[in-house]
Amino acid sequence: MIIGTGKSKRLTEKIEGVECPACKAKDSLVAEGYQDFFNFGLPVFPTTKRVEIKCSQCKKFLNNNELPYPHNSLVMDIKQRIKPAVWMFIIPIIAAIGIPISLIKQSMTAKENISKINKAHKGDVYTFEVGDRLYQKMQIEKVKGDSIWFLASLNSPANKQNLGNNDVFEGYELTYTTTQLLKRNDDHEIIDIVQ
Ligand SMILES: [Zn+2]
(Lines give C-alpha, C1' and ligand atoms only; values in the text may rest on other atoms or scores of the structure.)
Protein backbone atom coordinates (compact mmCIF):
# COMPACT_ATOMS: atom_id res chain seq x y z
CA MET A 1 0.00 0.00 0.00
CA ILE A 2 1.32 3.44 -0.93
CA ILE A 3 1.26 5.98 1.87
CA GLY A 4 2.58 9.47 1.24
CA THR A 5 2.30 12.12 -1.41
CA GLY A 6 1.19 11.50 -4.94
CA LYS A 7 1.40 13.97 -7.77
CA SER A 8 -0.83 14.43 -10.76
CA LYS A 9 -0.15 16.61 -13.78
CA ARG A 10 -3.20 18.83 -14.23
CA LEU A 11 -2.10 21.10 -17.07
CA THR A 12 0.70 21.69 -19.55
CA GLU A 13 1.39 24.96 -21.30
CA LYS A 14 4.00 26.08 -23.80
CA ILE A 15 5.71 29.33 -22.86
CA GLU A 16 6.00 31.43 -25.99
CA GLY A 17 8.58 34.11 -26.74
CA VAL A 18 11.27 33.06 -24.27
CA GLU A 19 14.52 31.26 -24.86
CA CYS A 20 15.85 28.54 -22.60
CA PRO A 21 18.58 30.04 -20.34
CA ALA A 22 20.55 26.80 -20.62
CA CYS A 23 20.49 25.81 -24.30
CA LYS A 24 19.13 29.06 -25.82
CA ALA A 25 16.44 27.20 -27.79
CA LYS A 26 13.51 29.50 -28.53
CA ASP A 27 9.93 28.67 -27.48
CA SER A 28 11.16 25.43 -25.94
CA LEU A 29 10.01 26.01 -22.36
CA VAL A 30 6.99 24.15 -21.08
CA ALA A 31 5.21 24.80 -17.80
CA GLU A 32 3.54 21.87 -16.08
CA GLY A 33 1.07 22.36 -13.27
CA TYR A 34 0.93 19.64 -10.63
CA GLN A 35 -1.56 18.99 -7.90
CA ASP A 36 -0.07 16.95 -5.09
CA PHE A 37 -2.34 14.83 -2.97
CA PHE A 38 -2.10 12.79 0.18
CA ASN A 39 -2.23 9.12 -0.57
CA PHE A 40 -3.22 6.36 1.80
CA GLY A 41 -3.37 3.41 -0.58
CA LEU A 42 -5.79 5.61 -2.50
CA PRO A 43 -5.96 9.41 -2.67
CA VAL A 44 -7.36 11.09 0.44
CA PHE A 45 -7.20 14.83 -0.25
CA PRO A 46 -5.29 17.34 -2.43
CA THR A 47 -2.38 19.22 -0.86
CA THR A 48 0.11 21.52 -2.62
CA LYS A 49 -0.03 22.98 -6.12
CA ARG A 50 3.29 23.20 -7.95
CA VAL A 51 4.54 24.47 -11.28
CA GLU A 52 7.55 22.89 -12.98
CA ILE A 53 9.22 24.59 -15.90
CA LYS A 54 11.16 22.35 -18.22
CA CYS A 55 12.98 22.84 -21.50
CA SER A 56 11.64 20.43 -24.11
CA GLN A 57 14.98 20.61 -25.96
CA CYS A 58 17.67 20.16 -23.31
CA LYS A 59 15.30 18.66 -20.68
CA LYS A 60 16.67 20.96 -17.95
CA PHE A 61 14.37 22.20 -15.20
CA LEU A 62 14.27 25.91 -14.42
CA ASN A 63 13.61 27.52 -11.08
CA ASN A 64 10.29 29.34 -11.06
CA ASN A 65 12.14 32.65 -10.59
CA GLU A 66 14.36 32.15 -13.65
CA LEU A 67 11.63 33.23 -16.05
CA PRO A 68 12.29 36.77 -17.32
CA TYR A 69 9.76 39.61 -17.05
CA PRO A 70 6.88 39.65 -18.08
CA HIS A 71 6.68 35.85 -18.11
CA ASN A 72 7.50 35.54 -14.41
CA SER A 73 3.86 36.16 -13.52
CA LEU A 74 2.94 33.04 -15.47
CA VAL A 75 3.85 30.72 -12.59
CA MET A 76 1.32 32.32 -10.24
CA ASP A 77 -1.24 32.42 -13.03
CA ILE A 78 -0.84 28.69 -13.77
CA LYS A 79 -0.89 27.83 -10.07
CA GLN A 80 -4.26 29.49 -9.75
CA ARG A 81 -5.63 27.47 -12.63
CA ILE A 82 -4.57 24.07 -11.22
CA LYS A 83 -7.70 22.34 -10.04
CA PRO A 84 -7.75 19.12 -8.04
CA ALA A 85 -9.59 16.17 -9.54
CA VAL A 86 -12.58 14.56 -7.87
CA TRP A 87 -10.68 11.26 -7.52
CA MET A 88 -8.23 12.97 -5.16
CA PHE A 89 -10.99 12.85 -2.56
CA ILE A 90 -11.70 9.21 -3.21
CA ILE A 91 -11.25 7.83 0.31
CA PRO A 92 -13.63 10.35 1.93
CA ILE A 93 -16.10 9.66 -0.89
CA ILE A 94 -15.85 5.90 -0.38
CA ALA A 95 -16.22 6.34 3.36
CA ALA A 96 -19.23 8.59 2.86
CA ILE A 97 -21.13 6.34 0.48
CA GLY A 98 -19.71 2.94 1.29
CA ILE A 99 -18.50 1.75 -2.13
CA PRO A 100 -16.16 -1.27 -2.21
CA ILE A 101 -12.57 -0.16 -2.85
CA SER A 102 -12.01 -2.82 -5.55
CA LEU A 103 -14.73 -1.22 -7.69
CA ILE A 104 -13.16 2.20 -7.32
CA LYS A 105 -9.72 0.84 -8.23
CA GLN A 106 -11.22 -0.79 -11.30
CA SER A 107 -12.81 2.40 -12.51
CA MET A 108 -9.63 4.41 -11.80
CA THR A 109 -7.64 1.95 -13.91
CA ALA A 110 -10.21 2.21 -16.69
CA LYS A 111 -9.99 5.99 -16.55
CA GLU A 112 -6.19 5.98 -16.72
CA ASN A 113 -6.31 3.54 -19.63
CA ILE A 114 -8.33 5.89 -21.84
CA SER A 115 -5.45 8.26 -22.57
CA LYS A 116 -3.09 5.32 -23.08
CA ILE A 117 -5.46 3.80 -25.64
CA ASN A 118 -5.76 7.11 -27.44
CA LYS A 119 -1.96 7.34 -27.56
CA ALA A 120 -1.30 3.71 -28.47
CA HIS A 121 2.10 2.93 -29.88
CA LYS A 122 4.20 -0.03 -30.85
CA GLY A 123 5.52 -1.94 -27.86
CA ASP A 124 2.68 -1.13 -25.43
CA VAL A 125 1.66 -4.21 -23.46
CA TYR A 126 -2.03 -4.75 -22.69
CA THR A 127 -3.44 -7.30 -20.27
CA PHE A 128 -6.84 -8.44 -21.53
CA GLU A 129 -9.43 -10.49 -19.76
CA VAL A 130 -10.01 -13.48 -22.07
CA GLY A 131 -12.24 -15.62 -19.89
CA ASP A 132 -13.57 -15.90 -16.39
CA ARG A 133 -10.68 -14.49 -14.34
CA LEU A 134 -8.27 -15.48 -17.08
CA TYR A 135 -5.93 -12.91 -18.53
CA GLN A 136 -3.63 -12.72 -21.52
CA LYS A 137 -0.93 -10.19 -22.30
CA MET A 138 -0.70 -8.77 -25.80
CA GLN A 139 1.78 -6.35 -27.31
CA ILE A 140 1.09 -3.72 -29.93
CA GLU A 141 2.92 -4.63 -33.09
CA LYS A 142 1.69 -1.84 -35.32
CA VAL A 143 -0.57 1.21 -35.20
CA LYS A 144 -1.96 2.43 -38.48
CA GLY A 145 -4.66 5.06 -38.56
CA ASP A 146 -7.44 3.79 -36.36
CA SER A 147 -6.28 0.15 -36.42
CA ILE A 148 -4.11 -1.39 -33.74
CA TRP A 149 -2.44 -4.76 -34.34
CA PHE A 150 -1.60 -6.92 -31.34
CA LEU A 151 0.52 -10.03 -30.97
CA ALA A 152 -0.36 -12.37 -28.13
CA SER A 153 2.13 -13.66 -25.62
CA LEU A 154 3.16 -17.28 -26.06
CA ASN A 155 2.27 -17.80 -22.37
CA SER A 156 -1.16 -19.38 -21.93
CA PRO A 157 -3.93 -17.30 -20.37
CA ALA A 158 -3.62 -17.34 -16.59
CA ASN A 159 -5.19 -15.84 -13.51
CA LYS A 160 -3.75 -12.58 -12.17
CA GLN A 161 -1.36 -14.25 -9.72
CA ASN A 162 0.19 -16.46 -12.37
CA LEU A 163 0.74 -13.87 -15.07
CA GLY A 164 4.50 -13.92 -15.54
CA ASN A 165 6.81 -11.25 -16.87
CA ASN A 166 8.70 -13.47 -19.28
CA ASP A 167 6.39 -12.92 -22.20
CA VAL A 168 7.43 -13.52 -25.77
CA PHE A 169 5.00 -11.83 -28.12
CA GLU A 170 4.94 -14.18 -31.06
CA GLY A 171 1.46 -15.67 -30.62
CA TYR A 172 -1.71 -15.07 -32.57
CA GLU A 173 -2.52 -11.71 -34.11
CA LEU A 174 -5.53 -9.59 -33.29
CA THR A 175 -6.66 -6.23 -34.65
CA TYR A 176 -8.77 -3.68 -32.82
CA THR A 177 -9.98 -0.22 -33.66
CA THR A 178 -9.54 2.46 -31.01
CA THR A 179 -13.32 2.47 -30.48
CA GLN A 180 -13.35 -1.29 -29.85
CA LEU A 181 -10.49 -0.97 -27.35
CA LEU A 182 -12.23 1.87 -25.54
CA LYS A 183 -15.36 -0.28 -25.35
CA ARG A 184 -13.42 -3.24 -23.92
CA ASN A 185 -11.81 -0.88 -21.44
CA ASP A 186 -15.20 0.51 -20.51
CA ASP A 187 -16.31 -3.06 -19.78
CA HIS A 188 -13.23 -3.48 -17.52
CA GLU A 189 -11.74 -6.10 -19.82
CA ILE A 190 -8.36 -4.34 -20.00
CA ILE A 191 -6.83 -4.55 -16.55
CA ASP A 192 -3.41 -3.10 -17.30
CA ILE A 193 -1.57 -1.13 -19.96
CA VAL A 194 2.20 -0.67 -19.78
CA GLN A 195 3.63 1.93 -22.16
ZN1 LIG B 1 17.04 24.15 -22.99
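For the structure, see preceding data.
This is a predicted model, so every value here is computed, not measured. (Residues numbered from 1 in each chain as written. Predicted model: local features only at pLDDT ≥ 70, side-chain atom pairs only at ≥ 80, totals over all residues.)

**Structural notes on the overall build of the protein**
Filter applied, for reference: Per the convention used, a helix needs a DSSP run of H or I reaching at least four residues, while a strand needs a run of E reaching at least two, with both numbered from the N terminus. C-alpha atoms define the radius of gyration in this analysis, and the globule rule sets the expected value at 2.2 Å times the number of residues to the power 0.38. Note on burial: count the other C-beta atoms lying within 10 Å of the residue's C-beta; 20 or more is buried, 12 or fewer is exposed, in between is partly exposed, and C-beta positions come from the backbone. Contact criterion: two residues are in contact if their C-beta atoms, reconstructed from the backbone, are within 7 Å.
Within the protein one finds 4 helices and 9 strands. Its helices and strands in sequence order give the protein the pattern β-β-β-β-α-α-α-β-β-β-β-α-β, from N to C terminus. Taken over the C-alpha trace, the protein has a radius of gyration of 21 Å; the compact-globule value for 195 residues is 16 Å, which it surpasses by more than 25%. The dimensions of the protein, computed from C-alpha atoms along their principal axes, are 60 × 45 × 30 Å. Out of the 195 residues belonging to the protein, those deemed buried represent 17%. Summarising the internal contacts of the protein: among those between residues at least 6 apart in sequence, 56% fall at separations of at least 24.

**Things to note about the nonpolar core**
Threshold: A set of buried residues qualifies as a nonpolar core if it consists of Ala, Val, Leu, Ile, Met, Phe, Trp, Tyr and Cys joined through C-beta atoms within 7 Å.
Counting 12 residues, the largest nonpolar core consists of Ile117, Tyr126, Phe128, Met138, Ile140, Ile148, Phe150, Ala152, Tyr176, Leu181, Ile190 and Ile193. Counting only elements with at least two residues in this core, the list comes to β5 (125-131), β6 (134-144), β7 (147-152) and β9 (190-194). Considering every element that reaches this core, the biggest residue donor is β7, with 3 residues. With 7 residues, the next largest nonpolar core counts Leu29, Ala31, Cys55 and Ile78 among its residues.

**Focus on the pairing of strand β1 (residues 3-14)**
Keep this limit in mind: Any two strands are treated as partners once DSSP identifies two or more bridges connecting them.
Among the 12 residues that make up β1, 0 are buried, leaving the element largely open to the surroundings. Bridge analysis of β1 against strand β2 (residues 29-40) gives 11 bridges, and the strand direction is antiparallel. Each bridged residue has a counterpart across the sheet, and for Glu13 the counterpart in β2 is Ala31.

**Some points on the sheet that holds strand β3 (residues 42-55)**
Taken in spatial order, the 4 strands make up an open sheet running β1-β2-β3-β4, and their pairing is antiparallel. Bordering the open sheet on either side are β1 and β4 (61-62), each of which pairs with just one other strand.

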